[in-house]
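Observations on the model geometry
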Amino acid sequence: MSSGPAETPLTGQVALPERIRSPWWELGRRLLLAAAIMVGTVLLVYLDRDGYRDSGDATVADPTGTISLVDAIYYTTVTLSTTGYGDISPVSDPARLVNAFVITPARIGFLVLLIGTTLEVLAQRGREMFRITRWRKNMGHHVVVIGYGTKGRSAVETLVGNGLDRDHVVVVDPSPVALADAHADQLAVVTGDATRRGVLQRAGVAEADQVIITTGRDDSNVLAALTVRQLNPDAWIVAAVSEQENAPLMRQSGADSVITSSDAVGRLLGLSTLSPTLGTVMEDLLTYGEGLEVAERELLVNEVGMPPQSLPDQVIAVVRDEKVYRYFDPVVTLLARGDRLVVVRPAKELPWAPRPGTHNEDFAADED
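Read on for a plain summary of the structure. (Residues numbered from 1 in each chain as written. Predicted model: local features only at pLDDT ≥ 70, side-chain atom pairs only at ≥ 80, totals over all residues. Heavy atoms only, no water.)

Structural notes on the nonpolar core
Counting 27 residues, the largest nonpolar core has V144, I146, V172, V211, I213 and M250 as the members making the most contacts within it. Mapped by element, the contributors of at least two residues to this core are strand 3 (143-146), strand 4 (169-172), helix 6 (197-202), strand 6 (210-213), helix 7 (218-231), strand 7 (236-241) and helix 8 (247-252). With five residues, the top contributor of residues to this core is helix 7. Within the second largest apolar cluster, 12 residues are counted, among which are Y148, V156, V171 and I212. (Core = buried A, V, L, I, M, F, W, Y, C linked by side-chain atoms within 4.5 Å. Buried < 20%, exposed > 50% of the residue type's maximum accessible area, 1.4 Å probe, protein only. Helix = DSSP H or I, 4+ residues; strand = E, 2+ residues; numbered from the N terminus.)

Laid out in structure tokens, this is it:
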């Protein structure tokens, strides 16, 4: 599948909804077309029966050599199936021409239609079912992204850029555009409304470690968060809201982290107006893969007991006992085992890796 940009539809172009039919419907349609070819060939042979002769066993063949309707049906079946016993054959020139230019192409079309296409439909359906079954069997501890617009796609790019396998991301979105975009990005997609339990269950929400909710409506985000939390009490839910006044409701719905997109953009606009330089730096921090980035990493053994300001990384916060402290907080004057650091570092470095030159050093995690 091509991963290039989708073509822009022409103005006024009619786009009809794509019909999705079951493989059994497709199989039945092909069987009907094959039957139509058989009936047409039988009529063709029977109407031109004077041009055929039955030269088979005299005990079963018509002594007069004429062709009956049963003979026409028999000749059609053995001819289209390429069995060709040869007991009934065309003898007149018109009958031979019809066999050469009409019945022979009909025979080829019959075989392709009945055998080739049927096997292709069944094999494709079988492969798809096998892939889905294998995917569901291996799925677990994955990330579910509800809504694959600009925010959802950026979130996935950030996760993948930091080492998450694309096979461990599942997108839930009802939009055909989102379906095409996610498939182009090599992501599994469950098409449907994320506020419905059945859709989230097919996405494996109950076994997911994290759920990102980024639909374009705050009310849909709230309902999706409620449904996700009901299906998976332990999942870490990150949700986006457009308005700050909806953030408390989102937290009450079960979201662990809430991002207010409109406020964040507004603050960035205000900073850029007051100080273009500061706005540039903030935009750099928010842009993934370029310049500077905010990252989290473990504390190294040789960093235990040091002040946060003395580390090579620019430490801006310390996580201790699952609480976040600013680097200047008296509680984290000296770093201790089990601390995690929130730092500003070059984007080319992996956020969870030690700085270059300190690889091979042990992390200062809590000892059992």
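Next comes the rest of the write-up.
Focus: the side chain of H142
Its place among the elements puts H142 in the loop between helix 3 (93-138) and strand 3. On the accessibility criterion, H142 (0% relative accessible area) is buried. A distance of 3.1 Å separates a polar atom in the side chain of H142 from the backbone oxygen of A203. Apart from residues lying up to four places away in sequence, H142 is in contact with H168, V170, A203, G204, E207, A208, D209 and Q210. (Polar contact = N/O pair within 3.5 Å; in protein donor to acceptor, adjacent residues only side chain to side chain. Contact = heavy atoms within 4.5 Å.)

What to know about the sheet that holds strand 3
Sheet architecture is open: six strands sit in the order 5-4-3-6-7-8, paired in parallel fashion. On the outer flanks of this sheet lie strand 5 (188-190) and strand 8 (257-260), each paired with one strand and no other. Averaged over all pairs of adjacent strands, the angle between strand axes in this sheet comes to 20°, irrespective of strand direction. Summarising the sheet, strand 6 and strand 7 pair through four bridges and their orientation is parallel. Its bridge partner being in strand 7, I213 is matched across the sheet by A239. Helix 4 (residues 150-161) contacts strand 3, strand 4, strand 6 and strand 7 of the sheet and is inclined by roughly 160° relative to strand 3. (Pairing = 2+ DSSP bridges. Axes fitted to C-alpha atoms, helices over the stretch in contact; angles between N-to-C directions.)

Section: the pattern of salt bridges
One side chain can pair with another of opposite charge once the charged atoms of both are near each other. This model, assessed by the stated rule, comprises 10 salt bridges. The partner of D219 in a salt bridge is R217, with the nearest N and O atoms 2.5 Å apart. Judged by relative accessible area, which is 43%, D219 ranks as partly exposed. On the accessibility criterion, R217 (51% relative accessible area) is exposed. A salt bridge links E303 to R297; the shortest N-O distance between them is 2.9 Å. Comparing E303 with R297, the two get one shared label, buried. Here the salt bridges do not stand alone but share partners, grouping R297, E303, D313 and R345 into one network. (Salt bridge = Lys/Arg side-chain N within 4 Å of Asp/Glu carboxyl O.)

Looking at the side chain of R229
Among the structural elements, R229 can be located in helix 7. A polar contact of 2.9 Å, which involves the side chain of R229, links it to the backbone oxygen of P233. Sequence-distant contacts of R229, defined by excluding residues within four places in its chain, comprise D234, A235, I237, S253, G254 and D256.

Focus: helix 5 (residues 176-184)
Every buried residue belonging to helix 5 is among A178, A182 and A184, and all of these are buried. Looking straight down helix 5, one finds its buried side chains confined to an arc of 160°; they lie on one side. On its buried face, helix 5 sits against strand 4 and strand 5. One side-chain oxygen of the residue at the start of helix 5 lies 3.2 Å from the amide nitrogen of V177, identifying that residue as S175. Looking one or two places after helix 5, you find Q186, whose phi comes out positive at around 65°. (Arc of directions from axis to C-beta.)

Quick look at the pairing of strand 12 (residues 340-346)
Of all the seven residues making up strand 12, five are buried; the element is thus mostly covered by neighbouring parts of the structure. Of the strand pairs in this sheet, strand 9 (residues 292-298) and strand 12 are connected by seven bridges, and their pairing is antiparallel. Across the sheet, L292 pairs through a bridge with P346, a residue of strand 12.

A few points about helix 4
The terminal C-alpha atoms of helix 4, which comprises 12 residues, lie 16 Å apart, in line with the 16 Å expected from a rise of 1.5 Å per residue. Every buried residue of helix 4 is accounted for by G152, A155 and V156. Down the axis of helix 4, the sector holding all buried residues measures 95°, keeping them to one side. Count one or two residues on from helix 4 and you reach G163, which has phi positive near 105°. (Expected span 1.5 Å × (residues − 1).)

A short note on unusual backbone geometry
Here the phi dihedral of Q186 falls at roughly 65°; this positive angle occurs in a residue that is not glycine. Tracing the backbone shows Q186 in the loop between helix 5 and strand 5. Phi is positive for E322, which is not a glycine, with a value near 65°. Mapping E322 onto the fold places it in the loop between strand 10 (314-320) and strand 11 (323-326). Residue classification places E322 among the exposed positions, given a relative accessible area of 63%.

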